[in-house]
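Coordinate analysis (summary)
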Amino acid sequence: MKHGYSLAACFAITAASSSIGTEAFAPTWPSLIVPLSRTSRNKNSPLVLSSSADEKNDRLEEKFGGFTVKQRLREEIESPFRQVRLFFFASSGVSAFVAFYFSALVAFKAYIGGYSDVPPLEDALQQVVINGVGTMGFGALALRELKIGKANLERIAKGGLLARLVVEPAVEGSARRTLKDYRRASRVIIAAGGSDYINRLAMSLCSDQLKDENTLPAALADVDIVIVPVLLGEDYKVVDSKAAWRNGVPGENDRNYDNSRADEIVAFPLGYGMWNDYLESDIDTAKGQGFDVLENGITITVKKNGRILRRATGLPPYGDFVSAMEVADGSRFGMPGDSERYGGQ
């Protein structure tokens, strides 16, 4: 009877609702959208736009555990089954530990004797070993998944920081750009070091060091190379690279020095704080391996897709860039827009 009464009540409510005019209900969303006429539009009154997109972006940029939601989502996209594996290994490890605990109790009881419900000591110890190995094995696999996941998150976070780094192209009047703006169009070579290193870098591009004319800037431009010279102070912090580049001191073998010769392929770093944050780990790694970062410098080669091709010390290997870069970073084999250039299908 209860069900019949409820069903009847529902029909009664529905009938009553349908008998009431539509004025009894709040207007639907489409009815709230009222076009602004030319006469009612006031240039001094700002348009009220939906902030749902901004709120969504804010949520994606929220950090927990040192990484943003967006970075964690990207890591899950790259490794979609990591959480599944982590859950399996962790739960299996916990189960193996519980079994290890109880098998250890059984082995202890078998050792002291006097219990009729326990297996022989040899069998009990065998179970202890099996469960112990399972605990350590599954625990190690779970820990490995955690470490790999954290390493991927750190790589993704650093890649995001790399994309936000700001540079000023050397050509006068050029607008500031982020490294993200160079994606799909150019390969960026970050060359960081002390004042002597930056001076040698400038001379290698802006002066004639051999018998004939230095054509490296044009050759590098042909393979879409952009050089970012980053001057490091004695404390390994980024300082004004543009002034050091423009005020280079030619040596005995540096003929016809012109500091604007390579402007087409050079950009100077701006926003030193972000550059310091990005280069800190690379500098520490190079120093830990015994390299003199200020004297020899470090180079970071960024591919067209925004990923790191390689890290090295010393001046950039211009010959490798000119002769093999299209193959080295994979652009010859499938970068969008390269079919016309290489005659592909």
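Residues numbered from 1 in each chain as written. Predicted model: local features only at pLDDT ≥ 70, side-chain atom pairs only at ≥ 80, totals over all residues. Heavy atoms only, no water.

Remarks on the overall build of the protein chain
Looking only at helices and strands, the protein chain has 13 helices and nine strands in total. Of all intrachain contacts in the protein chain linking residues separated by at least 6 positions in sequence, the fraction that spans at least 24 positions is 67%. About 22000 Å² of surface is accessible on the protein chain, with carbon and sulfur atoms providing 59% of the total. (Helix = DSSP H or I, 4+ residues; strand = E, 2+ residues; numbered from the N terminus. Contact = heavy atoms within 4.5 Å. Areas by Shrake-Rupley, 256 points an atom, 1.4 Å probe, with all protein chains shown as cover.)

Focus on a nonpolar patch on the surface
Among the surface-exposed residues, Val94, Phe97, Val98, Tyr101, Phe102 and Leu105 lie close enough to one another that they form a single nonpolar patch of about 590 Å² accessible area. Relative to the helices and strands, phenylalanine 102 resides in helix H5 (residues 82-112). Judged by its relative accessible area of 48%, phenylalanine 102 is partly exposed. (Patch = residues over 30% accessible without salt bridge, like charges linked within 9 Å, V, L, I, M, F, W, Y side chains within 5 Å. Salt bridge = Lys/Arg side-chain N within 4 Å of Asp/Glu carboxyl O. Buried < 20%, exposed > 50% of the residue type's maximum accessible area, 1.4 Å probe, protein only.)

Focus: the confidence of the model for the protein chain
Chain-level pLDDT for the protein chain is 80 on average; 76% of the residues reach the 70-or-more range. Segment residues 1-50: pLDDT under 50, and four contacts once partners within four positions in sequence are set aside and those in other chains are kept. Within the model, pLDDT remains below 50 along residues 336-345, and this stretch shows 13 contacts once partners closer than five positions in the same chain are excluded. (pLDDT = per-residue confidence, 0-100.)

Observations regarding the pairing of strand E9 (residues 308-313)
If a strand is regular, its side chains alternate between the two faces of the sheet. For strand E8 (residues 298-302) and E9, the ladder comprises five bridges, and the chain directions are antiparallel. From the neighbouring strand, threonine 299 faces E9, where its bridge partner is alanine 312. Between E8 and the antiparallel strand that follows it, E9, lie five residues; glycine 306 among them carries a positive phi value of about 90 degrees. (Pairing = 2+ DSSP bridges.)

Here we look at the sheet that holds strand E3 (residues 166-169)
With antiparallel pairing, the three strands of this open sheet are ordered in space as E4-E3-E7. The open sheet has two free edges, formed respectively by strand E4 (177-178) and strand E7 (267-270), since each of these has just one partner strand. Helix-sheet contacts for helix H10 (residues 272-288) involve E3 and E7, and the interaxial angle to E7 is about 95 degrees. (Axes fitted to C-alpha atoms, helices over the stretch in contact; angles between N-to-C directions.)

Describing the nonpolar core
Among the nonpolar cores identified, the biggest contains 25 residues, and Leu179, Ile190, Val230, Leu232, Trp275, Tyr278 and Leu279 are the most heavily contacted of them. Looking at this core, the elements with two or more residues in it are helix H6 (121-164), strand E5 (187-193), strand E6 (225-231), H10, helix H11 (293-296) and E8. The leading source of residues in this core is H10, at five residues. Among all residues touching valine 230, those that are not within four sequence positions of it are Ile190, Ala191, Ala192, Gly193, Ile198, Val238, Ser241, Pro269, Trp275 and Leu279. (Core = buried A, V, L, I, M, F, W, Y, C linked by side-chain atoms within 4.5 Å.)

Notes on the side chain of aspartate 282
Relative to the assigned elements, aspartate 282 resides in helix H10. In terms of polar contacts, aspartate 282 uses its side chain to reach the side chain of lysine 158, at 2.7 Å. (Polar contact = N/O pair within 3.5 Å; in protein donor to acceptor, adjacent residues only side chain to side chain.)

What to know about the environment of glutamate 295
Relative to the helices and strands, glutamate 295 is located in helix H11. Between the C-alpha atom of glutamate 295 and that of aspartate 196, which follows or precedes it by 99 residues, the distance is 6.8 Å. Excluding residues that lie within four positions of it along the chain, glutamate 295 makes contacts with Asp196, Tyr197 and Arg200.

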